[in-house]
Amino acid sequence: MKLQQSAFSLSLLILFICCTKTVSLSPAAAPVQAPTVAPVQAPPPPAAQVPVLPGPINVVNILERAGHYSLFVRLLKATQSDTELTVELNHTHNGITIFAPTDGAFSGLKVGTLNSLSDGDKVKLVKFHISPIYISPSQFQTVSNPLKTQAGKGGRMALNVTTTGSAVNITTGVINTTISGTIYNDNQLAIYQIDQVLLPMELFAPNLPPAPAPAPAPLVVAPPPEKPKKAPVVESPTVPIDDVSGVASFGVHKIEVILAVGVVAAMFSL
């Protein structure tokens, strides 16, 4: 009896070992891959307003304290615009308004855009972001277009500003963007954050037809000179008939006097 139980137990053990090997040799199931999710582009950082700093005004220091403007700072230094701004802000009473693109705005440009510009074009690009007047947030509603910049005004360097409620829209003919916040404001210098680089038509749309020339002034034909007027013919006054007879009688009396004088003279000669 014990022998049968032992044989049965041994059979179960052998069967268990065989089943375990079979399970271990079966291929593992492939892991389930998670669905691919497109990366979500991070929104532009909010503008961090820098408090009014003591001492001389330095645009580069303000932008570095605000953060997210390293590429624009690099352009300011490369074109020596930072030195010009420091002199103008600290030695004159002129106001300045700067539209500062974020680093994300520059990353939105095509690869090699900045490298394709000459040194002179880089200066124009930087000055296109600077207006030589102070504009407070409320003054954008009454500012006249096109807005004057240090790169020029109107034509292919036109910068137009419009407002819709509290939103300030900027257009150059190449891009449209809005002011997304105030970085600095001390009633002489105003720096505003923009999320796109302001691209002027002169540098980034050279193939567009130029603006039509103004219509020529109408040709004015001078009237022909006037002919000199002839002097009116003044007729001599006519002598009345009575006056003619008087003249004739006067002549007869004159002849008679002459004859009488001649007779008297002849008598004295005798």
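Residues numbered from 1 in each chain as written. Predicted model: local features only at pLDDT ≥ 70, side-chain atom pairs only at ≥ 80, totals over all residues. Heavy atoms only, no water.

Quick look at the confidence of the model for the protein now. Averaged over all residues, the pLDDT of the protein is 77; the fraction at 70 or higher stands at 60%. When the criterion is pLDDT under 50, residues 21-40 qualifies, and its contacts beyond four places in sequence or with other chains add up to zero contacts. The low-confidence segment residues 210-214 (pLDDT under 50) makes one contact with residues lying over four places distant or belonging to another chain. (pLDDT = per-residue confidence, 0-100. Contact = heavy atoms within 4.5 Å.)

Here we take up the pattern of salt bridges. Within this structure, the stated rule accounts for three salt bridges. Residues Lys77 and Glu64 are paired through a salt bridge, measuring 3.8 Å at the closest nitrogen-oxygen approach. Of this pair, Lys77 sits in helix H3 (residues 70-78) while Glu64 sits in helix H2 (residues 59-66); the two residues are 13 residues apart in sequence, bridging distant segments of the chain. On the basis of relative accessible area, Lys77 is assigned to the partly exposed category, the value being 44%. Between Lys124 and Glu202 there is a salt bridge, with its nearest N and O atoms 2.8 Å apart. Of this pair, Lys124 sits in helix H6 (residues 119-127) while Glu202 is found in helix H7 (residues 201-204), placing the two residues 78 residues apart along the sequence. Its relative accessible area of 33% is what places Lys124 among the partly exposed residues. Looking at Glu202, the relative accessible area reads 34%, which means it is partly exposed. (Salt bridge = Lys/Arg side-chain N within 4 Å of Asp/Glu carboxyl O. Helix = DSSP H or I, 4+ residues; strand = E, 2+ residues; numbered from the N terminus. Buried < 20%, exposed > 50% of the residue type's maximum accessible area, 1.4 Å probe, protein only.)

When you line up the elements, Thr171 lands in strand S4 (residues 167-171). Under the relative-accessibility criterion, Thr171 is labelled partly exposed at 27%. Each C-alpha atom, one on Thr171 and one on Pro200, is 9.3 Å from the other, the two residues being 29 residues apart in sequence. The contact partners of Thr171, leaving out residues within four places of it in the chain, are Ala158, Leu159, Asn160 and Asn176. At 2.6 Å, the side chain of Thr171 and the side chain of Asn176 are in polar contact. (Polar contact = N/O pair within 3.5 Å; in protein donor to acceptor, adjacent residues only side chain to side chain.)

Another aspect to go through is the environment of Gly165. Turning to its location among the elements, Gly165 is positioned in the loop between strand S3 (160-164) and S4. For Gly165, a relative accessible area of 58% translates into the label exposed. In this structure, the C-alpha to C-alpha distance between Gly165 and Gln141, residues 24 residues apart in sequence, is 9.1 Å.

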